[in-house]
Amino acid sequence: METTNSVPPPIDEESTENRGSMWDLDQKLDQPMEEEAGRLKNMYREKKFSSLLVFRLAFQSLGVVYGDLGTSPLYVFYNTFPDGIKESEDVIGALSLIIYSLTLIPLIKYVFVVLRANDNGQGGTFALYSLLCRHAKVNTIPNQHRTDEQLTTYSRHIFHEKSFAAKTKRWLEATALRRNLLLILVLVGTCMVIGDGILTPAISVLSAVGGIKVDHPNMSGDVVIVVSAVVLVGLFSMQHYGTDRVGWLFAPIVLLWFLLIGGIGAFNIWKYDSSVLKAFSPVYIYRYFRRGGWRTLGGIMLSITGTEALFADLAHFPVSAVQLAFTMLVFPCLLLAYTGQAAYIIKNQDHVIDAFYRSIPQSIYWPVFIIATGAAIVASQATISATFSIIKQALALGCFPRVKVVHTSKKFLGQIYIPDINWILMLMCIGVTVGFRNQSQIGNAYGTAVVTVMLVTTFLMILVMLLVWRSHWILVVIFTVLSLIVECTYFSAVLLKIDQGGWVPLVIAVVFFIIMYVWHYGTVKRYEVELHSKVSMAWILGLGPSLGLVRVPGIGLVYTELASGVPHIFSHFITNLPAIHSVVIFVCVKYLPVYTVPQEERFLVKRIGPKEFHMFRCVARYGYKDLHKKDDDFEKKLFENLFLFVRLESMMEGCSDSDEYSLYGQQTVRSGDSQLTENRNMISLNVDSTMTSSGDDGIIPAQASALIAASNFFSSAGQTSYQSELDETEYLKSCRDAGVVHILGNTIVRARRDSKFLKKISIDYIYAFLKRVCRENSVIFHVPHESLLNVGQIFYV
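These figures come from a predicted structure and were not determined experimentally.

(A) Main features of the overall build of the protein chain. Looking only at helices and strands, one finds 29 helices and nine strands in the protein chain. When contacts within the protein chain are restricted to residue pairs at least 6 apart in sequence, those whose partners lie at least 24 apart make up 85%. Summed over all atoms, the accessible surface of the protein chain reaches about 32,000 Å², with 59% contributed by carbon and sulfur.

If you want it as structure tokens, here you go:
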């Protein structure tokens, strides 16, 4: 079943232009779900962690978050001085830069500032973007409604009209160009994080395995490459076990690693040259730059790699655990490690290429080598987990093709595994390792990716500080200046290494950016054509209760991306087939810029048209952390909420003896009946029949007394409404038992003939290819094949 439509420029769903009698009729019969959204009390909050649990999670975070940052001592000095050392004071200057880079970027900027900008525990560039989408209308897919703002997880601030935040908000919303530039900025940061997920395993494992040649200098470099490839295959093959198990496995290794590098560093300071401690004076940074140290910044910047993963991996652990682990263990051990290496290098300048392994006391060389290899594997885990997290966020916000996402922990929903991405990362990582064969060029590529992500985070943080935190402009300026001075300096240095390996992350980023932007562009166009071609309620009413067809037993679930209005696939369906189901439910599944939507608030149900039409709408709302799972039993919960809606609707009708009570779709209630108002505020038409949810994720159970209170209040409403409710409930159940059919629109979007060449390539080839290879909606919703009905359409945009 297929049709072709040429669609004029889209109209906004909230547009009020060209209003007339037909528009008024639609608004009266199919109003937004404002009452259905309810007045839920704020009963969802993050779980409070005990001190013992925070320490346990801080220990676990070592195996997931800090591996990348912790293994940087393996290769920093080698990449800083690849051509050897001319003066010993250069080592002091480089060490001073490392010390203050670690202090300014990971410690001050990220641990104490950026981590506070998490979206209820979620980190990464898309978490910052979701915060901005809630505080300003910058979301490029206009499928949100003001009822979504009533979610208990939809926290945002109201600005004073004359405040600087309000002016910034208006400036950002003023043009589509600025909104698109913001999205492009976020996508660039995301693509660079994916690049990190490819380059980190390559450089970490190659650097660690390269330690074999220190003890066996005549060994062929091919052996190191083969061993590195085998280790990488093993690493990516373990990902399906999940972050929780991997974290417990890796955390002891990383803890031992930090204690070892800290202890070895302290030993080297005592044994070789304690005068390196003068590097804590920033004067040596000035002297270092005077001697031309700017050209070596690309290597020094590798000391702060892994910092971006620290923020992106935040979904796996609470902020307090990550902060505790960094300040109490990671930071002091890194300072000792770099200072000890510098002390060794000053006395052994010709050993700078493999300074880490040569600075290890001979008696513990092999144990440290084994632990270093294990720590390098852990370092890879940090960026792999960060890549999974940020792709899941991009997927939920319509910026990545649909891929399979697996939750690996029942306790922490942020811990996920994406099989397709895992194997793509593995192949590209092995390709980089085999292609470059040395850590110097990989280090140049790595630095380009890292500093770009940091710059993106800084620009997004400026907007967050203005719009979300409403910080004083002086604080914003201080944060911006300090961050940009460091990051722009590093960025200028890595630009010189573009031709020495720095082009790799740029190529990776361009490929993923094209995929993400074209997918998002196609998604927006598809939504716009569905919005423009939706069917008038007047046309539906003109067909009568039978819709001009035979109403056969059963329930038809019509899936649509529209949260209001009748989708075009429905009119196409009933004009091509002679029958329709006795009950029709329009189902809209949409993602919101929130980290999660509690189960109690997930479903909104309302009636469309008169009762005899037996037409309903159900909107299922999800956050970017939420996931459709088979055990969620989507269809069962949908019907539970539908039956609850019918029951509450009958109760409210029974208590009304006049037209003063307008229940669903209007804000007015009889003013004298304060008890009715109070009870209506308590009742949620989107409550799960169990009235509870998993406490493991910090969700506080809903009060079942809400429904009981409503039942008690309406117990004297009369038998007429009860009988009406009973009859309709039985009718719905009999239709459900007769069979449920899932009707999905298979919309094909194509560019018009007069479209520009770039648009034709994007829509007709790239987007079409991505749509073919990504997961179908029927798979995501777990629709049984025998209950599926696809309605094909072709739209030209």
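The structure having been displayed, the exposition proceeds.
(B) Main features of the environment of Pro545. Note that Pro545 resides in the loop between α22 (537–542) and β4 (550–560). Taking the C-alpha atoms as reference points, Pro545 and Lys611, separated by 66 residues in sequence, lie 8.9 Å from one another. If sequence neighbours within four positions are ignored, Pro545 has contacts with Arg551, Glu612 and Phe613.

(C) Highlighting a nonpolar patch on the surface. A contiguous nonpolar surface patch, about 760 Å² in accessible area, is contributed by Trp473, Ile474, Leu475, Val477, Ile478, Val481, Leu482 and Ile485. Looking at where Val477 falls in the secondary structure, it is placed in helix α20 (residues 473–494). A residue is classified by how much of its surface remains accessible, and Val477, at 39% relative accessible area, is partly exposed.

(D) How the structure looks around the packing of helix α2 (residues 51–62) against helix α15 (residues 319–347). Put simply, α2 and α15 touch, their axes get as near as 8 Å, and they point 70° apart. On the basis of the axis angle, α2 is roughly perpendicular to α15. Our pair here, α2 against α15, has a crossing hand that is right-handed. The residues of α15 that touch α2, namely those facing Val54, Phe55, Leu57, Ala58, Ser61 and Leu62, are Ser320, Ala321, Leu324, Ala325, Leu329 and Val330. When the residues that make up the contact of α2 with α15 are grouped by side-chain class, the tally is ten nonpolar, two polar and no charged.

(E) A look at the packing of aromatic side chains. Using the criterion set out here, one finds 20 aromatic pairs in the structure. Arranged with centres 6.3 Å apart and planes meeting at 85°, the rings of Phe616 and Phe645 form a pair that is edge-to-face. Taken together, the residues span a long stretch of sequence, with Phe616 in strand β7 (residues 615–622) and Phe645 in helix α24 (residues 634–654) at a distance of 29 residues. With relative accessibility at 0%, the residue Phe616 sits in the buried group.

(F) Up close: the pattern of salt bridges. Using the criterion set out here, one finds nine salt bridges in the structure. For the salt bridge of Arg287 with Glu89, the shortest nitrogen-to-oxygen distance reads 3.7 Å. Within this pair, whereas Arg287 is found in helix α12 (residues 283–290), its partner Glu89 is found in helix α5 (residues 88–111), the two being separated by 198 residues in sequence. When its relative accessible area of 37% is taken as the criterion, Arg287 is described as partly exposed. When the shortest N-O distance is used, the salt bridge between Glu728 and Arg607 registers 3.0 Å. Taken together, the positions of Glu728 in helix α27 (residues 719–738) and Arg607 in strand β6 (residues 603–607) put the pair 121 residues apart, joining distant regions of the chain.

(G) Fine view of the environment of Gly522. Assignment of secondary structure puts Gly522 in helix α21 (residues 503–532). Ignoring anything within four residues of it in the chain, the contact list for Gly522 reads Ile763 and Tyr767.

(H) Molecular detail of unusual backbone geometry. Within the chain, Arg470 stands out as a residue other than glycine whose phi angle is a positive 55°. Considering the arrangement of structural elements, one finds Arg470 in the loop between α19 (439–467) and α20. The exposure class assigned to Arg470 is partly exposed, which follows from its relative accessible area of 43%.

(I) Region of interest: α12. Taken residue by residue, α12 has Tyr284, Ile285 and Tyr288 as its buried positions. Taken around the axis of α12, the buried residues stretch over an arc of 105°, which confines them to a single face. Set apart from the buried face of α12 by more than 90 degrees, the exposed residues are Tyr286 and Arg290. Of the surrounding secondary structure, the elements contacted by the buried residues of α12 are α4 (76–80), α5 and α13 (297–300).

(J) Here's a closer look at the nonpolar core. Residues Tyr66, Phe126, Phe258, Leu310, Phe326, Tyr357 and Phe400 are the most contacted members of the largest nonpolar core, which totals 163 residues. With 17 residues, α19 is the single largest residue contributor to this core. Those residues within four positions of Phe258 in sequence are excluded, and the remaining contacts are Leu62, Tyr66, Gly70, Leu329, Val330, Cys333 and Leu334. Core analysis: the second largest hydrophobic core is formed by 24 residues, Leu557, Tyr559, Val589 and Phe645 among them.

(K) Representation of α5 within the structure. For α5, with 24 residues, the first-to-last C-alpha span of 33 Å sits near the 34 Å given by 1.5 Å per residue. Here α5 lies mainly inside the structure; 18 of its 24 residues are buried.

(L) Examining the pairing of β7 more closely. Most of β7 sits inside the fold, with eight of its eight residues counted as buried. A two-sided burial pattern is seen for β7, the buried positions comprising Met615, Arg617, Val619 and Arg621 on one face and Phe616, Cys618, Ala620 and Tyr622 on the other. In terms of strand pairing, strand β5 (residues 579–591) meets β7 through eight bridges, oriented parallel. By the bridge assignment, Tyr591 is partnered in β7 with Tyr622. Where β6 meets β7, five bridges bridge the pair, whose relative direction is antiparallel. Among the inter-strand pairings, Phe603 is bridged to a residue of β7, identified as Ala620.

(M) Quick peek at the confidence of the model for the protein chain. Of the residues in the protein chain, 78% reach a pLDDT of 70 or more, and the chain-wide mean stands at 75. In this model residues 1–25 is a low-confidence stretch, pLDDT under 50, and it forms 49 contacts with partners more than four residues away in sequence or in other chains.

Conventions we followed
- Residues numbered from 1 in each chain as written.
- Predicted model: local features only at pLDDT ≥ 70, side-chain atom pairs only at ≥ 80, totals over all residues.
- Heavy atoms only, no water.
- Helix = DSSP H or I, 4+ residues; strand = E, 2+ residues; numbered from the N terminus.
- Contact = heavy atoms within 4.5 Å.
- Areas by Shrake-Rupley, 256 points an atom, 1.4 Å probe, with all protein chains shown as cover.
- Patch = residues over 30% accessible without salt bridge, like charges linked within 9 Å, V, L, I, M, F, W, Y side chains within 5 Å.
- Salt bridge = Lys/Arg side-chain N within 4 Å of Asp/Glu carboxyl O.
- Buried < 20%, exposed > 50% of the residue type's maximum accessible area, 1.4 Å probe, protein only.
- Axes fitted to C-alpha atoms, helices over the stretch in contact; angles between N-to-C directions.
- Parallel < 35°, antiparallel > 145°, perpendicular 65-115°, else oblique.
- Left-handed = near helix turned anticlockwise from the far one by under 90°.
- Nonpolar A, V, L, I, M, F, W, Y, C, P; charged D, E, K, R; others polar.
- Phe/Tyr/Trp six-rings, centres within 6.5 Å; stacked < 30°, edge-to-face > 60°.
- Arc of directions from axis to C-beta.
- Core = buried A, V, L, I, M, F, W, Y, C linked by side-chain atoms within 4.5 Å.
- Expected span 1.5 Å × (residues − 1).
- Pairing = 2+ DSSP bridges.
- pLDDT = per-residue confidence, 0-100.

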